[in-house]
Amino acid sequence: MRYFPISIDSKDKICLFLGGGKIAKRKIKSLLKGDFSFLIYAKEIDKEVMELCKENPQRIKIVEKDIDEDFVFPPCDFLFLATGNRNLNKILRKKAKNLGLRTLDLSDSLGSDFYLRKNISNEFVDISISSNGQVPIFSSLIGDDLEKYLESLDMDKIKLMVEIRDKLRKNGIYNKALLLDLYKEDKQFLKKYLEKI
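Residues numbered from 1 in each chain as written. Predicted model: local features only at pLDDT ≥ 70, side-chain atom pairs only at ≥ 80, totals over all residues. Heavy atoms only, no water.

### Notes on the environment of Glu185
Then comes step 1: Following the sequence through the fold, Glu185 ends up in the loop between helix H6 (176-183) and helix H7 (187-196).
Then comes step 2: Linking Glu185 and Lys157, residues 28 residues apart in sequence, is a C-alpha distance of 9.5 Å.
Then comes step 3: Not counting chain neighbours up to four residues away, the residues in contact with Glu185 comprise Lys157 and Leu190. (Helix = DSSP H or I, 4+ residues; strand = E, 2+ residues; numbered from the N terminus. Contact = heavy atoms within 4.5 Å.)

### A word on the pairing of strand E2 (residues 37-45)
Then comes step 1: Of the strand pairs in this sheet, strand E1 (residues 14-20) and E2 are connected by six bridges, and their pairing is parallel. Its bridge partner lying in E2, Ile14 is registered against Ser37.
Then comes step 2: Inspection of the sheet shows E2 paired to strand E3 (residues 60-64) by five bridges, in the parallel sense. If you follow Phe38 over to E3, its bridge partner there is Ile60.
Then comes step 3: For the crossover that starts at E2, traverses helix H2 (residues 47-55) and ends in the parallel E3, the hand is right-handed. (Pairing = 2+ DSSP bridges. Right-handed = clockwise from strand over helix to strand, strands pointing away.)

### Concerning the nonpolar core
Then comes step 1: One finds Cys15, Phe17, Ile28, Phe38, Ile60 and Phe80 to be the most contacted residues of the largest nonpolar core, which totals 22 residues.
Then comes step 2: Sorting the residues of this core by element identifies E1, helix H1 (22-31), E2, H2 and strand E4 (78-81) as the ones contributing at least two each.
Then comes step 3: No other element matches E2, which puts four residues into this core.
Then comes step 4: Apart from the residues lying within four places of it in its own chain, the contact partners of Ile60 are Ile28, Leu32, Phe38, Ile40, Leu52 and Cys53. (Core = buried A, V, L, I, M, F, W, Y, C linked by side-chain atoms within 4.5 Å. Buried < 20%, exposed > 50% of the residue type's maximum accessible area, 1.4 Å probe, protein only.)

### Things to note about a nonpolar patch on the surface
Then comes step 1: A contiguous nonpolar surface patch, about 450 Å² in accessible area, is contributed by Val135, Ile137, Phe138, Leu141 and Ile142.
Then comes step 2: Inspection of the secondary structure assignment puts Phe138 in helix H4 (residues 136-152). (Patch = residues over 30% accessible without salt bridge, like charges linked within 9 Å, V, L, I, M, F, W, Y side chains within 5 Å. Areas by Shrake-Rupley, 256 points an atom, 1.4 Å probe, with all protein chains shown as cover. Salt bridge = Lys/Arg side-chain N within 4 Å of Asp/Glu carboxyl O.)

### Let's talk about the packing of helix H5 (residues 155-170) against H7
Then comes step 1: Put simply, H5 and H7 touch, their axes get as near as 10 Å, and they point 25° apart. Comparing the axis directions of H5 and H7 gives the class roughly parallel. Of the two possible hands of crossing, H5 and H7 adopt the one that is left-handed. Residues Asp156, Lys157, Leu160, Met161, Glu163, Ile164, Lys167 and Leu168 of H5 lie in contact with H7, whose contacting residues are Lys187, Leu190, Lys191, Tyr193 and Leu194.
Then comes step 2: Taken together, the residues of the contact of H5 with H7 break down into seven nonpolar, no polar and six charged. (Axes fitted to C-alpha atoms, helices over the stretch in contact; angles between N-to-C directions. Parallel < 35°, antiparallel > 145°, perpendicular 65-115°, else oblique. Left-handed = near helix turned anticlockwise from the far one by under 90°. Nonpolar A, V, L, I, M, F, W, Y, C, P; charged D, E, K, R; others polar.)

### Topic: the sheet that holds strand E5 (residues 102-105)
Then comes step 1: Spatially, five strands are ordered E3-E2-E1-E4-E5 in an open sheet, and the strand pairing comes out parallel. In this open sheet, the two strands that pair with only one neighbour each are E3 and E5. On average, each strand axis in the sheet is inclined to that of its neighbour by 20°, with strand direction left out of account.
Then comes step 2: Bridge count between E1 and E4: four bridges; the pairing is parallel. Note on E4: the bridge partner recorded for Cys15 is Phe78.
Then comes step 3: Along the sheet, H2 contacts E1, E2 and E3; its crossing angle with E3, the most-contacted strand, is approximately 135°.
Then comes step 4: Strands E1, E4 and E5 of the sheet are contacted by helix H3 (residues 86-99), whose axis makes an angle of about 170° with E5.

Written out as structure tokens, the structure reads:
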């Protein structure tokens, strides 16, 4: 597996976007779920990107400027190439690689250092899915199904299970098989069990 799924701390991380069109907008919108800050350089900025900037003025800064092969990269943690020009992206990607910048070329994800996965989460579960950059629509469709599944989970029951597990650990007991068996029980049983331990 070349692209290994990991979670990173997004706090105080800067995403530099070269290009401010529709593709950049989709990626920024997704990344706004984290704590990233954004710096966007582009000659033309999509109106929806401008809206995102207005909604998140502390996190998104836009610099209206032409992007060419002589572009000097400002400090950033992640570079997103979304110029709309495949050849320019390739030149900039090579330049960034020489500087050690982690880069996602949105015109060639397989030539990139990373790519974004579809993330689905609630307060207890975080799931990411990817088609490995090959057919992103599949990630989206499967992700939609997983989202529906997560919404169908009984969160009160899960909270009870967490409380039970924590109490068992506090008492020096941790038994995975016991927790699996308890999960099969209804909430009333779990509430009584929690009171007894």
